[in-house]
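# Survey of secondary and tertiary structure
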Amino acid sequence: MTDIDEARPLGTDLYHAHDLDVLGDRTRFALRLAGVRVGALTVKWLSYDTEVWVETAAPSPPTRSTWPVPAAC
């Protein structure tokens, strides 16, 4: 997905309400989504091709956890 206006609601649908801004090169913006289910646990991985800022409020109820992972991983 290369359109930031499409990426924002996707992140909200998958996780919870958030604000997404591109800090890096907007022409390189791309979002990739991968996921795997292990029993009752679902792990989803979002990655971006340029630097982004994601700001979220605390989720409610606390059944989801989100951890930022450095791009070097």
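Structure: above.
An account of the accompanying structure is given in this report. (Residues numbered from 1 in each chain as written. Predicted model: local features only at pLDDT ≥ 70, side-chain atom pairs only at ≥ 80, totals over all residues. Heavy atoms only, no water.)

## Details of the pattern of salt bridges
Any two side chains of opposite charge can pair, so long as their charged atoms come close to each other. Put simply, the rule reads: What makes a salt bridge here is a side-chain nitrogen of Lys or Arg within 4 Å of a carboxyl oxygen of Asp or Glu, nothing more. What counts as a helix is a DSSP run of H or I of at least four residues, what counts as a strand is a run of E of at least two, and both are numbered from the N terminus.
In total, this model carries 3 salt bridges according to the counting rule given. A salt bridge links Asp49 to Arg32, with the nearest nitrogen and oxygen atoms 2.7 Å apart. Of the two residues, Asp49 is situated in the loop between β3 (41-48) and β4 (52-56) and Arg32 in strand β2 (residues 31-38); the sequence distance between them amounts to 17 residues. Here the salt bridges share partners, and the residues they tie into one network are Asp5, Arg8 and Asp21.

## Quick look at the packing of aromatic side chains
Going by this rule: Any Phe, Tyr or Trp ring, taking Trp's six-membered ring, that has another such ring centre within 6.5 Å forms a pair; planes under 30 degrees apart are called stacked, those over 60 apart edge-to-face, and the others tilted.
Under the criterion given, the structure shown has 1 aromatic pair. Centre to centre, the rings of Phe29 and Tyr48 are 6.0 Å apart; their planes meet at 35°, and the pair counts as tilted. Note that Phe29 is positioned in the loop between β1 (18-22) and β2 and Tyr48 in strand β3, a separation of 19 residues in sequence.

## Overview of the nonpolar core
Heads up, the rule is: What makes a nonpolar core is a set of buried Ala, Val, Leu, Ile, Met, Phe, Trp, Tyr and Cys residues whose side-chain atoms join them at distances within 4.5 Å. Residue burial is assigned from relative accessible area. The probe radius is 1.4 Å, only protein chains are included, and a residue is buried under 20% of its type maximum, exposed over 50%, and partly exposed in between. We call two residues in contact whenever any of their non-hydrogen atoms come within 4.5 Å of each other.
Core analysis: the biggest nonpolar cluster contains 6 residues, these being Ile4, Ala7, Leu20, Val22, Phe29 and Leu31. Going through the elements one at a time, α1 (4-14) and β1 are the ones with two or more residues in this core. Beyond its immediate sequence surroundings of up to four residues, Ala7 is in contact with Met1, Leu20, Phe29 and Leu31.

## Side note on a nonpolar patch on the surface
Our working rule: The patch calculation keeps residues exceeding 30% relative accessible area without a salt bridge and links them within 9 Å when they carry like charges or within 5 Å when they are nonpolar (Val, Leu, Ile, Met, Phe, Trp, Tyr). All accessibility values rest on the Shrake-Rupley procedure with a 1.4 Å probe; residue burial counts only the protein chains present in the view.
A cluster of nonpolar side chains, contributed by Val36, Val38, Leu41 and Val43, occupies part of the molecular surface with about 350 Å² of accessible area. For the nonpolar patch, the elements supplying multiple residues, two or more each, are β2 and β3. Tracing the sequence through the fold places Val43 in strand β3.

## Examining the pairing of β1
The test is simple: One bridge is not enough; two strands pair if DSSP finds at least two bridges between them.
What you see with β1 is a clean split: His18, Leu20 and Val22 sit on the buried side and Asp19 and Asp21 on the side with no burial. Of the strand pairs in this sheet, β1 and β4 are connected by 5 bridges, and their pairing is antiparallel. Each bridged residue has a counterpart across the sheet, and for Leu20 the counterpart in β4 is Val54.

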